[in-house]
Amino acid sequence: MAVDPALSLRVSEIKDPEVLFERYNTAEIRRVERKVRGEIEQKKEELRQMVGERYRDLIDAADTIGEMRQCSESVLQSIQDMHRYCHQLKQGRAGSNSCRQEGQTQWQEKFYTMASQIKLLLEIPERIWSAMEASQYLQATQLYLLCCHLHSLLQLGAATGGHYSPVLVRFPILVRQVATTGHFRSTILLESRSLLQGRAVSDQAIAEALVSTMLLEDSSPRQALADFLLARKASIHQLLNQPQHGAGIKAQVCSLVELLVTTLFQAYAVFYLPPEGGPRPGQGALSCGMLFSTLENVTSTTYAAKDRRLLQEETSTGRWFKYLPPSIIEFQPALRTLAKPIQREQLRDTLQQWIHTCKEDICRGVSSLLVYVKSLKGLAAIRDSVWDLLSTESISQHWSTVCQWLLERPLAVWDDFLQQLFLQRLQAITKEETEAISTSSIQLLTSTVRDLEGQTIPTSSATNPGSARGAQYEVDVASFLWSESPGDLLSDAGWVSVNQRGQQHQRSSLAMKTQAVTPFVQNFCSSLDAKLKARLDDLRHYLPFQDPGSDSSAVSAPPSGPSESASASSFNRFTDSPAVEDALREGCLACVRLILSSIRSELSSSSPHLSPARLSSVLFMARLCQSIGELCPNLKHCILGKHSSSEATAKGTPRQGKKLGKARATSEVSPAQTKWAALKEDLLVCSMEAYRIWSSALSKVLLDKFGTALHAESAGAILTTATNWEDLEIQEEAESGSNVTSNIRLPVQPSWFVQSLLFQLCVQVNRVGGHAVPRPTLQELLHTCLNQALHHYHTFTQQAPSREGVFPMTQNRALQLLFDLRYLNTILGSRVEEGKSSRSHQDPRFHEVCDWLESYIDPFDLDVFTPPLNTNLNRLSQRTSVLLGLLTGSDKQFAPRSSSGNSQEPYNILPLASSQTRFGLLPLSMSNVRKSKSAPRSCDATLQLAAPSSVADCEDSIQPGSLFRQLADQDGDTPSLFKLSWLSGMAK
């Protein structure tokens, strides 16, 4: 597209209109005209906008230009007048010239004096700003006061009627100078007071800032002290109101402590004056009274103060300073009132009131700051930083002296201000964390119980076989005991003995199996122990550093050496260690008690009638309460605190434990140990409650079957439960004196339903890990079974003897029932204590039933049957003691009687081991001679195990290998396998 040449033409190229008419046609000229007119309008608009935007500047510029024109005209007029006046003076008379020349000289000197004052007045603002930029507020104050003095000399104030003074009329530039000078006073006061709020400010700078305030406001030293303390209080508020960002809290607390300490040091250095006649500060001591010395240097008019004049340097170097009047050269600021020193009582009361006020603010502010600290490690870091700050040499060297001079008492910053706040926050953190542990543990307990109850349903076992197997382990511990897993033995089990393993080391799965600790119990205890260990590790940051040689889980006692108490300003960081341990102890006790209450609530819902679905959960809770104290070693450390280390040290080796048994028994028991013992007792009671629910349900099921078989009425049912009898040949003396031989038949085995009851009872006890069930629980189970069996027997005796279809009571049946009853009483009954007859110890129902059964036996036959019947009963009890080992126990061992030599045949009886260490009721084949030797020893060992006071002997008896050592010692001179080298290595 072609471009129109008329439109491409620039306006600046148009010089001759005639050339346009020669080059373009009419249409193109009109287009050029429209373009030119458009550009004219555009320029007009731009000019209009520029004038509108710069109108004020143009007006000011025009006014300035007008003033400059008038000023230049007045200057020219003045020069012309001066020239004319000088010309007239030259034409005057000669006599009058000398007088006028002298007057002119005087006038010139006055003019130079005024000019030098004006020049100084013009330079003072710049010097004031320079002094303020250098933070020399006292020099700025002196210059400001000098400026005010110049104003008074030059009479620069407003005259009457609102007219300017003659100097201002002649020197209009001073008008603006006077207005500028008026702002210096407020600026210097503001900067001086802001300087008072700083922490890293020297004592001299504080004194100069206070002197500046006193000179400007004409105040007293007491008012200066009030200003200083108010500024520091405002600084404290400013520090407390800063935003919190993590580690900044430590910096804020340290800054508060530093500000508080620095305030007292600077109050001593600035305001304190030693009493007249009193001891003066020695060499190297802190300086004091700097406010009064600085004020004296500034306001003194003595001859010694002439060397410290404000314009001393300028007077000696400047040429025009010699025209300044003496009142300016020797200018010194002055106070209207006399600056009296602050009395010691007033200073002490003022500082104490300020400390009391700041203490409330600091406590309130630090409490709000510590809310953001979520761990004891963070609290310990802040405390240690404060301790490091107060232990610095610059503070600790003179702190006690300063507090004594100012407050007439010591001031412990940590103890009076922060210790209680930190302790309260520590207790709050500990409470929150232990409550969180209890909440999570209760949730884990509830979920585990629900899982165990749900896994009893057959359909759910297919979906999650691992959980189903865990539920099976709770009901059938035997399957768990005889299952193999990779962690049964630890990797270092071959070269690390059991004695060398501490409680804090990992336990093997085999050890857990021997204690019947199921996987669910292990998971719960490991989870709880890990959380408690985290709490304990966090707490150790707040407690003294432990000795590397001590137990890693115990906390050493706080050091009391000179390192902690070397200075008065530093503090003992660990004085509240007992309170810290108490906080964790109470939190852990509350945590475990909450868990126990949750367990009891679960048990209460299962106690009336235990359903099969809840059997596994009840046994789980029973084992859990039984194992928490042992599988959670950190719980013990949390509750015992530093006493756990002393207990571990006192325990020592087994032989040392024996020697120190009496010493520990007579030593004082600490409250922490009492609480730990009470907690273990609560756990044991709760475990016993759970086991009681299980034992009640078990005894009810078994004894119901037993009662059904006992009350059988038909002859066929009775014959199905009968057992084989034994033929015995006895010799009796007839009336004629000859021996008569007769054969009798007596029962040697209990009825099948009695054997089934005992066997099923033993099987069920073994299923739940009977070797780990508490002995009182087993005794209570046996006692309950015996009571219910006696109840069934007693009910059986109350039935009508003659009823249709009921098999009558015969002598043989009465003998069998009597044998069954006495055998049940022997197995399930408790051992007769010394000093008590068996009849007074037994249940009266037992004798009633025995008498009732004996009434069906011929008295003559009963006298004949009783001795061999007792022998059969004793022999049967000893022979079945291995099969029914958990029901008989070590306290029912049948030691050989003194009259055993008169027996007709030596019975092959397996006595039981006297000490149950790893495997309960281990049978040992020994001769009668060995049994006679080991019988008293076994009784002593049983009594030692039963005695709760001999803790050390019990611990020694359960050491690995002690059983073999006992057997090796009991062998005496008899050849034994323990004489062999390979088996003697096992004993070691």
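Residues numbered from 1 in each chain as written. Predicted model: local features only at pLDDT ≥ 70, side-chain atom pairs only at ≥ 80, totals over all residues. Heavy atoms only, no water.

## Side note on the overall build of the protein
The number of helices and strands found in the protein is 43 helices and two strands. Across the 988 residues that make up the protein, the buried fraction comes to 39%. (Helix = DSSP H or I, 4+ residues; strand = E, 2+ residues; numbered from the N terminus. Buried < 20%, exposed > 50% of the residue type's maximum accessible area, 1.4 Å probe, protein only.)

## Some words on the side chain of serine 219
With respect to the helices and strands, serine 219 occurs in the loop between α9 (203-217) and α10 (221-240). Leaving out residues up to four positions away in the same chain, serine 219 has contacts with Thr213, Met214 and Leu335. (Contact = heavy atoms within 4.5 Å.)

## Considering the pattern of salt bridges
Tallied over the entire structure, the rule returns 27 salt bridges. Of the charged contacts, one joins aspartate 537 and lysine 533 as a salt bridge, the two residues approaching to 3.0 Å between their closest N and O atoms. Of the two residues, aspartate 537 and lysine 533 are both situated in helix α24 (residues 519-540); the distance of four residues between them amounts to about one turn of the helix. In this structure lysine 533 comes out as partly exposed when scored by relative accessible area, which is 40%. We note a salt bridge from arginine 614 to glutamate 602, for which the minimum N-O separation is 3.4 Å. Highlighted residues: arginine 614 in helix α26 (residues 612-631) and glutamate 602 in helix α25 (residues 577-606), separated in sequence by twelve residues. Residues arginine 614 and glutamate 602 agree in their burial class; the two are buried. Salt bridges sharing partners connect three or more residues here, namely Arg450, Glu453, Glu602 and Arg614. (Salt bridge = Lys/Arg side-chain N within 4 Å of Asp/Glu carboxyl O.)

## Looking at the packing of α9 against α10
Packing of α9 against α10 leaves a shortest axis separation of 10 Å and a crossing angle of 125°. As far as their axial angle goes, α10 and α9 are oblique. With respect to the hand of their crossing, α9 and α10 are arranged in right-handed fashion. Here Ile206, Leu210, Thr213, Met214 and Glu217 of α9 come into contact with α10, specifically with Pro221, Ala224, Asp227, Phe228 and Arg232. Of the residues assigned to the contact of α9 with α10, the class counts are six nonpolar, one polar and three charged. (Axes fitted to C-alpha atoms, helices over the stretch in contact; angles between N-to-C directions. Parallel < 35°, antiparallel > 145°, perpendicular 65-115°, else oblique. Left-handed = near helix turned anticlockwise from the far one by under 90°. Nonpolar A, V, L, I, M, F, W, Y, C, P; charged D, E, K, R; others polar.)

## Structural notes on the packing of aromatic side chains
Scanning all chains against the criterion turns up eleven aromatic pairs. When the centroid spacing of 5.8 Å and the interplanar angle of 45° are considered together, the rings of phenylalanine 228 and phenylalanine 271 count as tilted. Separated by 43 residues along the polypeptide, phenylalanine 228 in helix α10 and phenylalanine 271 in helix α11 (residues 248-271) bring together distant segments of the chain. With relative accessibility at 0%, the residue phenylalanine 228 sits in the buried group. Against the face of tyrosine 542 rests arginine 383, its NZ or CZ located 4.3 Å from the ring centre. Over the aromatic face of tryptophan 387 sits the side chain of arginine 573, whose NZ or CZ is 4.1 Å from the ring centroid. (Phe/Tyr/Trp six-rings, centres within 6.5 Å; stacked < 30°, edge-to-face > 60°. Lys NZ or Arg CZ within 6 Å of the ring centre and 35° of its normal.)

## Quick word on the packing of α24 against α26
Two measures define how a pair of helices packs: the angle their axes make with one another and the distance between the axes. Running from N to C, α24 and α26 cross one another at 40°; their axes reach a closest spacing of 9 Å. Between α24 and α26, the angle falls in the class oblique. The handedness of the crossing between α24 and α26 comes out as right-handed. Residues Phe520, Val521, Phe524, Cys525 and Asp529 of α24 form the contact with α26, whose participating residues are Phe620, Arg623, Leu624, Ser627, Ile628 and Leu631. Classifying every residue of the contact of α24 with α26 gives eight nonpolar, one polar and two charged.

## Examining the nonpolar core
With 205 residues, the main nonpolar core has Phe271, Leu418, Leu635 and Phe706 as its most contacted residues. Counting residues per element, this core draws most heavily on α11, at 15 residues. Contact partners of phenylalanine 271, with chain neighbours within four places excluded, come to Leu210, Pro221, Ala224, Leu225, Phe228, Gln266, Leu291, Phe292, Ile342 and Leu347. If you look at the next biggest cluster of nonpolar residues, it comprises five residues, including Leu9, Leu20, Tyr24 and Val32. (Core = buried A, V, L, I, M, F, W, Y, C linked by side-chain atoms within 4.5 Å.)

## Some details on helix α38 (residues 859-879)
Given a rise of 1.5 Å per residue, 21 residues ought to cover 30 Å, and the 29 Å separating the end C-alpha atoms of α38 matches this to within 8%. The principal kink in α38, of about 40°, is found at phenylalanine 865, preceding the proline proline 867 by one to four residues. Within α38 the residues assigned to the buried category are Leu862, Val864, Phe865, Pro868, Leu869, Asn872, Leu873, Arg875, Leu876, Ser877 and Gln878. Between the side-chain oxygen at the start of α38 and the backbone nitrogen of phenylalanine 860 there is a gap of 3.0 Å, and the oxygen is on aspartate 858. (Expected span 1.5 Å × (residues − 1). Bend = angle between axes of the 7 residues up to and from the residue. Polar contact = N/O pair within 3.5 Å; in protein donor to acceptor, adjacent residues only side chain to side chain.)

## Some remarks on the environment of serine 116
Its location among the elements puts serine 116 in helix α4 (residues 94-133). Separated by 208 residues in the primary sequence, serine 116 and leucine 324 place their C-alpha atoms 6.1 Å from one another.

## Some remarks on the environment of cysteine 254
In this fold, cysteine 254 is placed in helix α11. With relative accessibility at 15%, the residue cysteine 254 sits in the buried group. When the C-alpha atoms of cysteine 254 and leucine 390 are compared, they prove to be 9.5 Å apart, with 136 residues separating the residues in sequence. Not counting chain neighbours up to four residues away, the residues in contact with cysteine 254 comprise Ser385, Val386 and Leu389.

## Examining the environment of cysteine 638
By secondary structure assignment, the location of cysteine 638 is in helix α27 (residues 633-640). In this view, cysteine 638 contacts Leu532, Leu536, Glu581, Leu584, Arg585 and Cys588; residues no more than four positions away in its chain are not counted.

## A closer look at the pairing of strand β1 (residues 725-733)
Here β1 runs beside strand β2 (residues 739-747); their pairing, made up of nine bridges, is antiparallel. Within β2, the position partnered with glutamine 731 by the bridge is threonine 741. From the end of β1 to the start of β2, which pair antiparallel, there are five residues, and glycine 737 there has a positive phi angle of about 100°. (Pairing = 2+ DSSP bridges.)

## Details of unusual backbone geometry
Phi angles above zero are rare outside glycine, and aspartate 218 is one such case at about 55°. In this fold, aspartate 218 is placed in the loop between α9 and α10. The phi dihedral of glutamate 408 falls on the positive side, at around 60°, and the residue is not glycine. For glutamate 408, the location among the structural elements is in the loop between α18 (399-407) and α19 (413-455).

## Concerning a nonpolar patch on the surface
On the surface, Leu47, Met50, Val51, Tyr55, Leu58 and Ile59 cluster together into a nonpolar patch covering about 540 Å² of accessible area. Of all the elements in the fold, those that place two or more residues in the nonpolar patch are α2 (26-53) and α3 (55-90). With respect to the helices and strands, the residue leucine 47 is situated in helix α2. (Patch = residues over 30% accessible without salt bridge, like charges linked within 9 Å, V, L, I, M, F, W, Y side chains within 5 Å. Areas by Shrake-Rupley, 256 points an atom, 1.4 Å probe, with all protein chains shown as cover.)

## Focus: the confidence of the model for the protein
Across the protein, the average pLDDT comes to 75, with 71% of residues at or above 70. Mean pLDDT per element in the protein: helix α43 (residues 981-987) is the minimum at 35, and helix α15 (residues 344-370) is the maximum at 91. Contacts of residues 547-568 to residues separated by more than four positions or lying in other chains number 41 contacts, the stretch itself having pLDDT below 50. In the model, residues 652-666 has pLDDT below 50 throughout and makes 14 contacts with residues more than four positions away in sequence or in other chains. (pLDDT = per-residue confidence, 0-100.)

## Some details on the state of the cysteines
Enumeration over the complete set of coordinates arrives at zero disulfides. Here cysteine 525 is not disulfide-linked; the sulfur of cysteine 632 is the nearest cysteine sulfur, at 4.4 Å. A relative accessible area of 1% places cysteine 525 in the buried class. (Disulfide = S-S within 2.5 Å.)

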